[in-house]
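Chain and residue survey
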Amino acid sequence: MSWIKEDELNLLEKISANILKAGPMPKHVAFIMDGNRRFARKKHMERQEGHMQGFNKLAETLRWCKHLNIQEVTVYAFSIENFKRTKDEVDGLMELAKQKFLKLLDERENLEKHGVCVRVLGDLEMLPLDLQELIAKAVITTKSHNKCFLNVCFAYTSRYEITNAVREMAWGVEKGLIKASDVSEALLSECLYSNNSPNPDLLIRTSGEVRLSDFLLWQTSHSCLVFQSVLWPEYSFWNLCEAVLQYQLNYKSIQKARDLHQEHQALLQLEADRACVAEHLQHHGNGKPADAQRRQEALLHYTTCREERIQDFLEALKHKRDSYFSDLCSKDVLA
Amino acid sequence: MALLYGLLWRLLLILVHINRALVSWVRVRLRSWKGRLWERAMAALLLPLALAGFPDHQKKLNHNPDANANAVTRNRAASRRSRWLSDGRSLEKLPVHVGLLVAEEEPSYTDIANLVVWCMAVGISYVSVYDNHGIFRKNNSRMLEEVVRQQQDLLGVDGSKYNVEFLSNSCDKHQHYVVSCRPTVKVLSPEDGKQSIVQAAQQLCRAVENKERSSKDISVSMLDVLLRESKNFPDPELVVKFGPVDSTLGFLPWHIRLTEFISIPSHRNVSYEDLLDALQQYGACQQRLGQ
């Protein structure tokens, strides 16, 4: 079945959507699509069928998000922990993923029409090579689309993502692109797999579980968390509206907390810069304490240099990541 | 048209707020009604006993009111302790580490201290307390005093068995491993969250800068060990969140990957039953760990 559903909302749904849109709307929603296997058990179908239904529900949900002006959606499709499942189930899920990405490539014109950009986040080297190649093709094909964004987390856990970000920063230090003192919360965020997206405003988990299961732990620290008991394949437009309403009720207090955190971060960065400048002046000064103006100039200069260093490093990182995908694509072409 | 939808949206929010207020009012009424019903039932049952006998015993009691008051208090505390301990044992599973996330303005130290003491009495080994303004952290000593005071009140003089160990953050490096069964309390703030991860990252990058290690060495377990070094706590299995905000507000992002989140509307005047409810809910959660 297709990635794109063209259905329109019925009148009641349209009215409800318009009412919700009068309030603050989340721009980025993340879904933990839990409950496929329980759904399959409930309906006496095969597990694989449950996962298929889950995928269909994803396509439907993307359509609803489009109607609600939710531009970006991130979904937890396959966790690194899921590799622990039986070989049959894992192989089945890999096969399903291959089919879906092939279908995506089939529908590339439709995707272009709707402007859908598909990104896949995770430790992709853990996946079978043919799936990696398909993913690379899908990502490169839809790269330039910018109307809406779908991030699929595959072979992903948040801890691996954070560790990878730290490794990338360490790589930057090794290459002499940045210094260890440049490491900050903002820089770490830029090194995550999700660096092209703003943090999710709303995280929804279905099937009644009330945990995050290693999903976007860093990015959702100040997001609205909504736990719903409906099983994912049974998710409805009203469930989504309910979650959005929860977001709206929490909007002011979460915004306040976010702003507080932002301010605190900025302060920490300023202090860190000041400390570096003070150390620098001490080492390179002529023994006399620098006056306030000299300190201020040095601080400005240091901050500018630091920001330039970081920009260069992030460019190099982007290039490294893009090469990973384009190498996979060209390998396939040559094969 | 947009104006109409705007008005309808505001109406919707008002309806939701009314609904919530109604629900919480009913909860409170139901609890106090149940409570009074219980008191009345007990009074009705015990009244005949009180009227019937023991006039001599009464006189003896009146001679030594203080001593007996103490005895009564001690007995009450002892019976409470044993009840709480048995409650803990009767749960399907008990978390080893519970986080108390206060997402409300102006926290009440007494209520938090109560919660900490109840957690310990029920058999939970590690309790952490968090608010996203860092208020608890700033008033660390006041929190300590309050917990000790509530310990006395609720657990009686024998509460010394539950000697609480407070982990302060200033001398973390010299903190010995807490392997004892003594309950440990930790006061957390947003700095213990993303900022600790950043500090660990800086440490690793400095090691790389000094050519002490390579970037390829950096693994999940290495980062995990670094983040645990200054906390010495197992990951929280359960976080009880107080307040209307549906967010973790920066609470220990790294450590909450498998944590269950259970909400209680407010920490003000929270009761032991509220906590027990949450623990029972936790007991019913099933973790499949990816499988």
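Residues numbered from 1 in each chain as written. Chains lettered and ligands numbered in written order. Predicted model: local features only at pLDDT ≥ 70, side-chain atom pairs only at ≥ 80, totals over all residues. Heavy atoms only, no water.

**Regarding the nonpolar core**
Operational definition: The term nonpolar core refers to a set of buried residues drawn from Ala, Val, Leu, Ile, Met, Phe, Trp, Tyr and Cys, joined through side-chain atoms within 4.5 Å. Burial classes follow relative accessibility: with a 1.4 Å probe on protein chains only, a residue under 20% of its type's maximum area counts as buried, one over 50% as exposed, and anything between as partly exposed. Whether two residues are in contact is decided by their heavy atoms, any of which lying within 4.5 Å being enough.
One finds Phe31, Phe101, Ile135, Phe154, Leu202, Phe215 and Tyr235 of chain A to be the most contacted residues of the largest nonpolar core, which totals 92 residues. Once residues within four sequence positions are removed from consideration, Phe154 of chain A is found in contact with Ala77, Phe78, Met94, Ala97, Val120, Leu121, Gly122, Asp123, Leu124, Leu127 and Leu131 of chain A. Counting 38 residues, the second-largest nonpolar core is a separate cluster that includes Leu91, Met120, Ile124 and Val127 of chain B.

**Some thoughts on a negative patch on the surface**
Quick reminder of the rule: Like-charged residues within 9 Å of one another, or nonpolar side chains (Val, Leu, Ile, Met, Phe, Trp, Tyr) within 5 Å, are grouped into patches, provided each residue has over 30% relative accessible area and no salt bridge. Surface accessibility follows the Shrake-Rupley procedure with a 1.4 Å probe radius. Residue values consider only the protein chains on display as shielding. What makes a salt bridge here is a side-chain nitrogen of Lys or Arg within 4 Å of a carboxyl oxygen of Asp or Glu, nothing more. Positive charges come from Lys and Arg alone, negative charges from Asp and Glu alone, with His and the N- and C-terminal ends not counted. To locate a charge, take NZ of a lysine, CZ of an arginine, CG of an aspartate or CD of a glutamate. A run of H or I in DSSP becomes a helix once it reaches four residues, and a run of E becomes a strand once it reaches two; helices and strands are each numbered from the N terminus.
Among the surface-exposed residues, Glu307, Glu308, Asp312 and Glu315 of chain A lie close enough to one another that they form a single negatively charged patch. Summarising the element assignment, Glu308 of chain A is placed in helix α10 (residues 292–334).

**Some words on the interface of chain B and chain A**
For clarity, the cut-off: In this description, buried area is defined as the sum, over both parts, of the accessible area (probe of 1.4 Å) that is lost when the two are combined.
Contact residues are listed per partner, giving 58 residues for chain B and 60 residues for chain A. Regarding the contact of chain B and chain A, the summed buried area is about 5,000 Å², with carbon and sulfur atoms giving 61% of it. The three residues of chain B that bury the most area against chain A are Trp9, Lys194 and Arg257 of chain B, which together make up 15% of that side's buried surface. Linking chain B with chain A are 8 salt bridges, by the criterion used here. Among the ionic pairs, Arg159 of chain A bridges to Asp224 of chain B, the shortest N-O distance being 3.6 Å.

**Some remarks on the environment of Phe55 of chain A**
All names here are of chain A. Along the chain, the position of Phe55 falls in helix α3 (residues 47–67). Measuring from C-alpha to C-alpha, the distance between Phe55 and Lys100 comes to 8.8 Å, with 45 residues separating the pair along the chain. When sequence neighbours within four positions are dropped, the list of residues in contact with Phe55 reads Met1, Ser2, Trp3 and Lys100.

**Looking at the sheet that holds strand β5 (residues 202–205) of chain A**
Residue and element names in this part refer to chain A. Rule in force here: When DSSP finds at least two bridges between two strands, those strands are taken to pair. In this description, a line fitted to the C-alpha atoms serves as the axis of each element, helices being fitted only across the stretch in contact, and the angle between N-to-C directions of two axes falls anywhere from 0 to 180 degrees.
Taken in spatial order, the 6 strands line up as β3-β4-β2-β1-β5-β6 in an open sheet, and their pairing is parallel. Each having just a single partner strand, β3 (116–121) and β6 (224–227) make up the two edges of the open sheet. Averaged over all pairs of adjacent strands, the angle between their axes in this sheet comes to 20°, without regard to strand direction. Note: β5 against β6, 4 bridges, orientation parallel. Bridge pairing in β6 places Leu203 opposite Leu225. Together, β1 (28–32), β2 (72–79) and β4 (148–156) form the strand contacts of α3, whose direction differs from that of β2 by roughly 160°.

**Details of the confidence of the model for chain B**
Residue and element names in this part refer to chain B. So the rule is basically this: pLDDT is a residue-level measure of predictor confidence that goes from 0 to 100.
Residues of chain B with pLDDT of at least 70 account for 80%, and the chain-wide mean is 82. Ranking the elements of chain B by mean pLDDT puts helix α2 (residues 55–63) last, at 49, and strand β5 (residues 238–242) first, at 96. Per-residue pLDDT stays below 50 along residues 56–61; that stretch engages in 2 contacts with residues further than four places along the chain or on separate chains. Interface scoring of the predicted complex returns ipTM 0.93; its pTM is 0.89.

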